[in-house]
Amino acid sequence: MARLPILRYPDPRLLKPSSPVTRFDADLKALVQDMAQTMYEAPGVGLAAPQINVHRQIVVIDVSEKRDELRVFINPEIIGASEEKKRFEEGCLSLPGIYDEIERPAQVRVRAFDTDGNSFETDAEGLLAVCIQHEIDHLKGRVFVDYLSPMKRNRIKKKLLKEEREQKKTTSGTKGQHQGKKR
């Protein structure tokens, strides 16, 4: 298993819609295990394949307290949603340190496949419902900040781009120091 790099917003690859999975094989199972490890180490409660630049409809989620109830959703689709809405504070591994309240259906019914290609349906509420909807958005090329006002979204984008520039400066400065010591 390997920890995979997570794309950061506003990387345009996060906006690319994903294709359905058609092969349920050992490669898919290995990818799911790598995604799970990446999610747990990040740490997060959900990860969609587009976040690791794999544009296939694969989602891993674990909202349990002990972090021992991994759920895998292949080609997930919401087939029912409650009219009741709830606001939850959401964050995202692709937007580190950014949180905001988003209103979504309080309950959803999802149809998906497991890693063996078996179809299943499940009902979700609370954090699991939020997480499923959030990750399915990633499969469609959406991120949670798309639900925010353009002004707020631009402020977040600028903040993350600035952090990325500062991080690159720090990293390049460190590389230069190491190269100088080798001489």
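A brief look at the structure comes next. (Residues numbered from 1 in each chain as written. Predicted model: local features only at pLDDT ≥ 70, side-chain atom pairs only at ≥ 80, totals over all residues. Heavy atoms only, no water.)

On a plain count of helices and strands, the chain comes out with three helices and seven strands. Element order for the chain, N to C, with α for helix and β for strand: α-β-β-β-β-β-β-β-α-α. Every one of the 183 residues in the chain was classed for burial, and the buried ones make up 40%. The contacts in the chain between residues at least 6 apart in sequence include a share of 65% that link residues at least 24 apart. Charged side chains in the chain number 32 positive and 28 negative. The centres of these two groups are separated by 11 Å. (Helix = DSSP H or I, 4+ residues; strand = E, 2+ residues; numbered from the N terminus. Buried < 20%, exposed > 50% of the residue type's maximum accessible area, 1.4 Å probe, protein only. Contact = heavy atoms within 4.5 Å. Lys, Arg positive; Asp, Glu negative; His and termini not counted. Charge placed at Lys NZ, Arg CZ, Asp CG, Glu CD.)

The residue Asn75 is located in strand E3 (residues 71–81) in this model. For Asn75, a relative accessible area of 13% translates into the label buried. Discounting chain neighbours no more than four positions away, the residues touching Asn75 are Pro20, Val21, Phe24, Gln57, Arg111, Ala112 and Phe113.

What follows is about helix H2 (residues 126–139). Taking 1.5 Å as the rise per residue, H2 with 14 residues should run 20 Å; its terminal C-alpha atoms sit 21 Å apart, in good agreement. By the burial criterion, the buried members of H2 are Leu128, Ala129, Val130, Cys131, Ile132, Gln133, His134, Glu135, Ile136, Asp137, His138 and Leu139. Where H2 ends, the next residue or the one after it, Gly141, has phi of about 85 degrees, a positive value. (Expected span 1.5 Å × (residues − 1).)

We now examine helix H1 (residues 26–41). Here H1 spans 23 Å end to end across 16 residues, near enough to the 22 Å set by a 1.5 Å rise per residue. Considered for burial, the residues of H1 that qualify are Leu28, Leu31, Val32, Asp34, Met35, Ala36, Gln37, Thr38 and Met39.

Right, let's get into unusual backbone geometry. It is generally the case that most residues other than glycine have a negative phi and that most peptide bonds are trans. Here Tyr9 and Pro10 are connected by a cis peptide whose omega angle stands at 10 degrees. For Pro10, the position within the fold is in the segment before H1. Here the bond from Ala42 into Pro43 is cis, since omega is -10 degrees, no more than 30 degrees from zero. Its place among the elements puts Pro43 in the loop between H1 and strand E1 (46–48). Positive phi, normally seen in glycine, also occurs at Arg67, with a value near 60 degrees. Tracing the backbone shows Arg67 in the loop between strand E2 (58–61) and E3.

Opposite charge on two side chains lets them pair, provided their charged atoms get close. Throughout the structure, instances matching the rule amount to 14 salt bridges. Between Asp11 and Arg13 there is a salt bridge, and its shortest N-O distance comes to 2.6 Å. A salt bridge links Arg109 to Glu121, with the nearest nitrogen and oxygen atoms 3.0 Å apart. Here Arg109, found in strand E6 (residues 107–113), pairs with Glu121, found in strand E7 (residues 119–125); they are 12 residues apart in sequence, far enough to count as distant. (Salt bridge = Lys/Arg side-chain N within 4 Å of Asp/Glu carboxyl O.)

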